[in-house]
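Descriptive structure summary
One-letter residues, chain by chain:
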Amino acid sequence: MRLVFDRDQLLQLMKDFHILTGIRIVLFDDEYQELLSYPGNDCAFCHRMKSNPSGQKSCRESDAYSFRKCNADQRLIIYHCHAGLIEATAPLIDNHIVIGYLMFGQISDAESEEDLAEILSQALSSDHSVRINTLLSDIPLKTDEQIRTAAKIMEACTFYVIQNEAVLLRRQNFTNNLRTFLTEHLSENLDAETIASWLGISRSKLYIACDKYIGMGIAEYVRNLRMEEAKNLLKTTDLSVTEIAGRTGFEDYNYFSRVFKKETGYSAREYRGLFH
């Protein structure tokens, strides 16, 4: 699910974080797509690392690992990336849903520039053309205490942006997309797996989002839409009750009749008679 965010508000927050810590910070959505960062560009080393397919693949896999762990644990994590630099990732949690991530990185806990140069040399061992000394200047050296403190500040930022709705799920987009898909496929088997797959989310995220944004479970919502469409067809068409049952996803006519009676207090034929 895509995020909507207040770019100006979030960019100012990121800038303030960078002024305070000297660390680059990035916003990702729950599909691991980078949305916003400050500063806007990678450090020279990371730019070099991502300039070849192998290095870029390793960076993506390292990021994805941190996002998966964050999503599973729903908490801040601090770790060494595949290239030996320090990164921290904090989940953006809205009503128990991880909707995105704040990440900082491109810093080192090496004790000296000489140690950092060795770390970078090992990461770029297959690239003999690069001069390691040219890649050191924009990678800050931080102590463990500074790293933990910066990570806690970033974690506090996640609560701030959620509380102030600087970052949120595109609720209207979710509900509209869900309703559009369901109404176009009412005659089909609409299990949670199929619906979640079409929306590009997990079943658990579908259940949570439905509860939050439409106030009911997905099965109840599908049933309500089917009843809504059945009543509309009974009022506006001459289709037989059997045909209407099929069009609204009820393969068993008797089951449709029982559900319709329970939901409306009328049989389908009695309901049609109210409008004709």
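Residues numbered from 1 in each chain as written. Predicted model: local features only at pLDDT ≥ 70, side-chain atom pairs only at ≥ 80, totals over all residues. Heavy atoms only, no water.

**As for the overall build of the protein chain**
Helix and strand content of the protein chain: 12 helices and seven strands. Dimensions along the principal axes, computed over C-alpha positions, put the protein chain at roughly 85 × 40 × 30 Å. Nonlocal contacts in the protein chain, meaning residues at least 24 apart in sequence, comprise 59% of its contacts between residues at least 6 apart. As displayed, the protein chain has an accessible area near 15000 Å², and 46% of this comes from carbon and sulfur atoms. Across the protein chain, the mean location of the 31 positive side-chain charges is 7 Å away from that of the 39 negative side-chain charges. (Helix = DSSP H or I, 4+ residues; strand = E, 2+ residues; numbered from the N terminus. Contact = heavy atoms within 4.5 Å. Areas by Shrake-Rupley, 256 points an atom, 1.4 Å probe, with all protein chains shown as cover. Lys, Arg positive; Asp, Glu negative; His and termini not counted. Charge placed at Lys NZ, Arg CZ, Asp CG, Glu CD.)

**Brief notes about the sheet that holds strand β2 (residues 24-29)**
Taken in spatial order, the five strands of this open sheet run β3-β2-β6-β5-β4, and their pairing is antiparallel. Looking along the sheet, the strands with just one partner apiece sit at the ends: β3 (34-38) and β4 (77-80). Each adjacent strand pair in this sheet contributes to an overall mean axis angle of 20°, direction not counted. Where β2 meets strand β6 (residues 97-107), six bridges bridge the pair, whose relative direction is antiparallel. Across the sheet, D29 pairs through a bridge with G100, a residue of β6. Here helix α8 (residues 203-213) sits on the sheet and contacts β5 (86-94) and β6; the angle it forms with β6, its principal contact strand, is near 115°. (Pairing = 2+ DSSP bridges. Axes fitted to C-alpha atoms, helices over the stretch in contact; angles between N-to-C directions.)

**A look at unusual backbone geometry**
Looking along the chain, the bond that leaves Y38 and enters P39 is cis, with omega of -10°. Structurally, P39 can be placed in the loop between β3 and α2 (44-49). Phi at Y32 takes a positive value of approximately 70°, unusual for a residue other than glycine.

**A short note on the nonpolar core**
Membership of the largest hydrophobic core comes to 48 residues, with the highest contact counts inside it found for F104, L178, L182, I195, L206 and I218. For this core, the leading source of residues is helix α5 (residues 144-163), giving seven residues. For L206, the residues in contact, after removing those within four places along its chain, are F174, A192, I195, A196, L199, I201 and I218. (Core = buried A, V, L, I, M, F, W, Y, C linked by side-chain atoms within 4.5 Å. Buried < 20%, exposed > 50% of the residue type's maximum accessible area, 1.4 Å probe, protein only.)

**Digging into helix α4 (residues 113-123)**
Those residues of α4 that sit buried are L116, A117 and L120. Projected down its long axis, α4 carries its buried residues within an arc of 100°, all on one side. Residues of α4 that are exposed and point more than 90 degrees away from the buried face comprise E114 and Q122. (Arc of directions from axis to C-beta.)

**Comments concerning the environment of G100**
Among the structural elements, G100 can be located in strand β6. Using a relative accessible area of 0% as the deciding quantity, one classes G100 as buried. For the pair G100 and D30, spaced 70 residues apart in sequence, the C-alpha separation works out to 4.4 Å. Setting aside anything within four residues of it in sequence, one finds G100 in contact with L3, F28, D29, D30, A90, P91 and L92.

**Looking at the packing of aromatic side chains**
All chains considered together, the criterion is met by 11 aromatic pairs. Members of the aromatic cluster, each reached through a chain of ring pairs, are F250, Y255, F256, F260, Y271 and F275. Seen from the ring of F275, K235 lies directly overhead, with NZ or CZ sitting 5.3 Å from the centre. (Phe/Tyr/Trp six-rings, centres within 6.5 Å; stacked < 30°, edge-to-face > 60°. Lys NZ or Arg CZ within 6 Å of the ring centre and 35° of its normal.)

**So, a nonpolar patch on the surface**
Residues Y266, L274 and F275 make up a contiguous nonpolar surface patch of roughly 300 Å² in combined accessible area. Here L274 is to be found in the segment after α12 (268-273). (Patch = residues over 30% accessible without salt bridge, like charges linked within 9 Å, V, L, I, M, F, W, Y side chains within 5 Å. Salt bridge = Lys/Arg side-chain N within 4 Å of Asp/Glu carboxyl O.)

**Looking at the packing of helix α1 (residues 7-21) against α5**
Their axes nearest at 11 Å, the elements α1 and α5 cross at an angle of 165°. One element, α1, and the other, α5, form an angle in the roughly antiparallel class. The way α1 lies across α5 gives a crossing that is right-handed. Contacts between α1 and α5 involve Q9, L10, L13, F17, L20 and T21 on the former and, on the latter, A150, I153, M154, C157, Y160 and V161. Across the contact of α1 with α5, the residue classes break down as 10 nonpolar, two polar and no charged. (Parallel < 35°, antiparallel > 145°, perpendicular 65-115°, else oblique. Left-handed = near helix turned anticlockwise from the far one by under 90°. Nonpolar A, V, L, I, M, F, W, Y, C, P; charged D, E, K, R; others polar.)

**Considerations on the side chain of K142**
Tracing the backbone shows K142 in the loop between α4 and α5. One buried charge, K142, has no salt-bridge partner; the nearest side chain with opposite charge is E145, at 12 Å. Once you skip the residues sitting within four places of it in the chain, K142 turns out to touch T21, I23, I107, S108, D109 and I147.

**Re the pairing of β6**
Of all 11 residues in β6, 11 are buried; the element is thus mostly enclosed. The sheet contact formed by β5 and β6 spans eight bridges and is antiparallel. Bridging across to β6, I93 finds its partner in V98.

By themselves, these are just geometric observations and shouldn't be taken as functional.
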